[in-house]
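These are the residues of each chain, in order.
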Amino acid sequence: MFGKVVIYGVGLIGGSFALALKHKHLVREVVGVGRNPHAIARALQLGIIDSMASTPEEAMRDADLVLIAAPVAQTESILAAILPHLEPQTVVTDAGSTKSDVVAAARAALGAHVAQFVPGHPIAGREKNGPEAAIPDLYVGKKAVLTPLPENAEHHVERVAQAWAACGAIIHQLSPQEHDRVFAAVSHLPHLLAYALVDDIAHKPHADLLFQYAASGFRDFTRIAGSSPEMWRDISLANQEALLGELDAYLAQLTTLRGLLAARDGAALNSVYANAQQARQRWIEAIEAAEAPPPPPQETSE
Ligand SMILES: NC(=O)C1=CN([C@@H]2O[C@H](COP(=O)(O)OP(=O)(O)OC[C@H]3O[C@@H](n4cnc5c(N)ncnc54)[C@H](O)[C@@H]3O)[C@@H](O)[C@H]2O)C=CC1
Ligand SMILES: O=C(O)C(=O)Cc1ccc(O)cc1
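Keep in mind the model is a prediction, meaning the values are calculated, not measured.

## What to know about the overall build of the protein
- Scanning the protein for helices and strands turns up 12 helices and nine strands.
- In terms of overall dimensions, the protein has C-alpha extents of about 70 × 60 × 40 Å along its principal axes.
- Counting the 302 residues in the protein, one finds 34% classified as buried.
- Sequence-distant contacts in the protein: of pairs separated by 6 or more residues, those separated by 24 or more amount to 78%.

Okay, structure coming up:
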């Protein structure tokens, strides 16, 4: 399917993409480019990449597909470094968690060559980072959202969709603005809340005592506060407007709940909790049905 694939940022996301394509024998050669020499050396040692490129010229020579999987604030400088060596057959994509800023960065860095850039975002991941965290089946049954540009040729969009589909992902399309509004609510706000809760507790004078007794509910709620601070700083700032909107709505909900608690209004509190429990149950059922592997083919006697 692919000759040379170049990964800028060989961590959890870029590394898992490379491993998925390699395990399916869909790529001849994976070349990694990194900022941290130890991480890129480890990616080589783990067999995630076949070689590392030390210059953009070397990386981009004869490249079929380039995936940018670094924190989103790095996108513009990476694309600017790529541009002088961008060949006509090369398709460039990214895995960034925000899309409006990435599209703006691509337009600023690439000019007319933005037609070769197809923005993307795999909706799969976890709180672990770096090449050690990369696994080949990270994307199986998960969504990959593409936010194609009007300038993109259909066959370039199709090429990126094929790559994510080969990793096991289900392809969706949104506009960059729709994408950022959706993920502000269901991804960016929850990460901010998890960081806020752990930071708040860590600053209390009796933090050690509190952490000593924190149980699995606290662990579940705060799992995502184990994620990379740099990555989430970049996402928060990139999607500032939509995230502020969601944060304000959530603050209003907290104020409402505070009022119910202060008034000892058990019936109203119960109603909020019950509505949330039911909505969560419906969501879990829908997501499990959507992500379930297809049933094995039925054997017939004929
Ligand atoms: N962690 C997650 O669950 C998900 C992350 N994403 C997005 O994927 C991207 C990568 O995230 P992860 O793989 O989790 O992070 P990671 O920290 O595991 O890997 C990122 C890698 O990029 C390298 N890097 C940083 N600046 C660079 C530069 N200028 N040039 C080349 N390499 C550079 C880092 O050294 C690191 O090895 C981010 O944009 C993030 O928003 C998307 C979906 C899920
Ligand atoms: O750790 C988790 O559960 C996540 O929420 C992973 C994740 C992080 C960032 C994304 O843009 C998409 C998925």
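Next, the rest of the story.
## Focus: the site of ligand 1
- Taken together, 30 residues form the shell around ligand 1, and within it Gly-9, Gly-11, Ile-13, Ser-97 and Gly-125 come nearest.
- Residue assignment for the shell around ligand 1 shows that the elements contributing at least two residues are helix H1 (12–23), strand E7 (120–123) and helix H10 (229–238).
- Counting residues per element, the shell around ligand 1 draws most heavily on H1, at three residues.
- Split by residue class, the shell around ligand 1 holds 15 nonpolar, 13 polar and two charged.
- Two domains each provide a minimum of three residues to the shell around ligand 1, namely domain 1 (2–174) and domain 2 (178–291).

## Thoughts on the domain arrangement of the protein
- Segmentation of the protein into domains returns domain 1 (2–174) and domain 2 (178–291).
- Using only C-alpha atoms to locate each centre, domain 1 and domain 2 end up separated by 30 Å.
- Residue-level contacts link 16 residues of domain 1 with 17 residues of domain 2.
- Of the residues assigned to the side of domain 1 that touches domain 2, the class counts are five nonpolar, seven polar and four charged.

## Structural notes on the sheet that holds strand E9 (residues 170–173)
- Taken in spatial order, the three strands make up an open sheet running E7-E8-E9, and their pairing is mixed. Strands with a single pairing partner mark the edges of an open sheet, and in this sheet they are E7 and E9. With strand direction ignored, the average angle separating the axes of adjacent strands in the sheet is 25°.
- With four bridges connecting them, strand E8 (residues 143–146) and E9 associate as parallel partners. Residue Leu-146 lies in a different strand from E9, and its bridge partner there is Gln-173.
- Its contacts with the sheet place helix H6 (residues 154–166) against E7, E8 and E9, and it is angled at close to 165° to E8.

## A few points about the site of ligand 2
- Every residue near ligand 2 is listed here: Ser-97, Ile-123, Gly-125, Arg-126, Glu-127, Ser-187 and Ile-224.
- Residue classes in the shell around ligand 2 are distributed as two nonpolar, three polar and two charged.

## Brief notes about the sheet that holds strand E6 (residues 117–118)
- One open sheet holds the six strands; their spatial order is E3-E2-E1-E4-E5-E6, and the pairing between them is parallel. What marks the edges here is a single partner per strand, and that holds for strand E3 (51–52) and E6.
- With respect to the sheet, H1 is in contact with strand E1 (2–8), strand E2 (27–33) and strand E4 (65–68), its orientation differing from that of E1 by roughly 165°.

## Considerations on the pairing of strand E5 (residues 91–94)
- Alternating positions in E5 separate into two faces, Val-91 and Thr-93 on one and Val-92 and Asp-94 on the other, with burial throughout.
- Two elements, E4 and E5, share four bridges in a ladder whose sense is parallel. When the sheet's bridge partners are listed, Leu-67 is paired in E5 with Thr-93.
- As for the winding sense of the linkage, the β-α-β connection from E4 through helix H4 (residues 75–82) to E5 is right-handed.

## Details of H4
- What H4 keeps buried is the set Thr-75, Ile-78, Leu-79 and Ile-82. On an axial view of H4, the arc spanned by its buried residues comes to 95°, and they lie on one face.
- For H4, the elements touching its buried residues are E1, helix H3 (56–60), E4, E5 and helix H5 (100–110).

Scoring rules and cut-offs
- Residues numbered from 1 in each chain as written.
- Chains lettered and ligands numbered in written order.
- Predicted model: local features only at pLDDT ≥ 70, side-chain atom pairs only at ≥ 80, totals over all residues.
- Helix = DSSP H or I, 4+ residues; strand = E, 2+ residues; numbered from the N terminus.
- Buried ≥ 20, exposed ≤ 12 C-beta atoms within 10 Å, placed from the backbone.
- Contact = placed C-beta atoms within 7 Å.
- Near = placed C-beta within 6 Å.
- Nonpolar A, V, L, I, M, F, W, Y, C, P; charged D, E, K, R; others polar.
- Domains from an automatic or database assignment.
- Pairing = 2+ DSSP bridges.
- Axes fitted to C-alpha atoms, helices over the stretch in contact; angles between N-to-C directions.
- Right-handed = clockwise from strand over helix to strand, strands pointing away.
- Arc of directions from axis to C-beta.

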